[in-house]
Amino acid sequence: PNQTAMQGYDDGHTAYADLGPNNHSIPLALAFPRSGAADQRDRELVAQSRVKLDSALQKDRQRVVFSAESISSMEEGDLCALRDQIAQHCDLIDVIIFVREPLAWTASLVQQALKVGRPCDLHPFRGHMRERLERLERVFGQRHVHIRRYEENAAQEDDSARLFAHILDLDPAAMQRV
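Draft legend 1. Fine view of the side chain of Gln85. With respect to the secondary-structure elements, Gln85 resides in helix 4 (residues 76-87). Reaching out from Gln85, the side chain makes a polar contact with the backbone oxygen of Arg50 at a distance of 3.1 Å. When neighbours within four sequence positions are excluded, Gln85 is seen to be in contact with Phe32, Arg50, Leu53, Asp54 and Leu57.

Draft legend 2. Layout of helix 4. In a regular helix each residue adds 1.5 Å, so 12 residues correspond to 16 Å; helix 4 covers 16 Å between its end C-alpha atoms and thus fits that length. Considered for burial, the residues of helix 4 that qualify are Asp78, Leu79, Leu82, Gln85 and Ile86. Here the buried residues of helix 4 occupy an arc of 125° about the axis, which is enough to place them on one side.

Draft legend 3. Looking closely at helix 6 (residues 129-140). With 12 residues, helix 6 should cover 16 Å at 1.5 Å per step; its first-to-last C-alpha distance of 16 Å lies within 8% of that length. Listing the buried residues of helix 6 in full gives Arg132, Leu133, Arg135, Leu136, Val139 and Phe140. Along the long axis of helix 6, the arc covered by the buried residues comes to 160°, so they all point the same way. Exposed residues pointing more than 90 degrees away from the buried face of helix 6 are listed as Arg130 and Arg138. The inward-facing, buried residues of helix 6 abut helix 4, strand 3 (95-99) and strand 4 (145-149). Count one or two residues on from helix 6 and you reach Gly141, which has phi positive near 95°.

Draft legend 4. Broad picture of the pairing of strand 3. Every second residue of strand 3 is oriented toward a common face, the buried set being Val95, Ile97 and Val99 and the non-buried set Ile96 and Phe98. The pairing of strand 3 with strand 4 spans five bridges and is classified as parallel. Of the residues in strand 4, the one forming a bridge with Ile97 is Ile147.

Draft legend 5. Up close: the pattern of salt bridges. Counted by the stated rule, this structure contains four salt bridges. Between Asp10 and Lys59 there is a salt bridge, with its nearest N and O atoms 3.5 Å apart. With a gap of 49 residues between them, Asp10 in the loop between helix 1 (2-6) and strand 1 (14-16) and Lys59 in the loop between helix 3 (40-57) and strand 2 (63-65) connect regions that are remote in the sequence. Since its relative accessible area comes to 31%, Asp10 is described here as partly exposed. A salt bridge links Glu76 to Arg138; its shortest N-O distance comes to 2.8 Å. In this pair, Glu76 is assigned in helix 4 and Arg138 in helix 6, connecting sequence segments 62 residues apart.

Draft legend 6. Up close: the environment of Thr14. Inspection of the secondary structure assignment puts Thr14 in strand 1. For Thr14, a relative accessible area of 0% corresponds to the buried category. Sequence separation of Thr14 and Lys59 is 45 residues, and the distance between their C-alpha atoms is 9.7 Å. When residues no more than four places from it in sequence are discounted, the contact partners of Thr14 are Tyr9, Arg61, Arg63, Val65 and Leu170.

The rules behind the values
Residues numbered from 1 in each chain as written. Predicted model: local features only at pLDDT ≥ 70, side-chain atom pairs only at ≥ 80, totals over all residues. Heavy atoms only, no water. Helix = DSSP H or I, 4+ residues; strand = E, 2+ residues; numbered from the N terminus. Polar contact = N/O pair within 3.5 Å; in protein donor to acceptor, adjacent residues only side chain to side chain. Contact = heavy atoms within 4.5 Å. Expected span 1.5 Å × (residues − 1). Buried < 20%, exposed > 50% of the residue type's maximum accessible area, 1.4 Å probe, protein only. Arc of directions from axis to C-beta. Pairing = 2+ DSSP bridges. Salt bridge = Lys/Arg side-chain N within 4 Å of Asp/Glu carboxyl O.

Shown next as structure tokens:
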């Protein structure tokens, strides 16, 4: 819900990046593919995705917000390339990570899969959270990676969109209602 509510957000100071879909995981994965661009079509997709990223970063706002769960699973070289591309347009890059207790995370994954009617394969999500967080800290710097426990923060807000607004100090009234 937070990504849907953020779509189109622009209060004159902060804008939610427009990369097409409201969840930026796929556009960022296309822009920075794990194995590199294998063929001409792949290279064209990478180039198009990076142009969209540059366009979002060139918006005349003090802050641009991206929301992509998948960056925690990106390889270190791809994270460095993402960081370097963003750094061409920004003075400061902060990464906010919500972590969940393993049982709550698993339950959420299953609920989401059931909600959209698809099978839930938990294999890619097993473990390795520490390695993911350490990789983000190496790439972006420990003081720029902010880890939030989802359960603690969610108790303070009535939905994930309001929680997102609270953490980023955004006007929840300016967010779309979903």
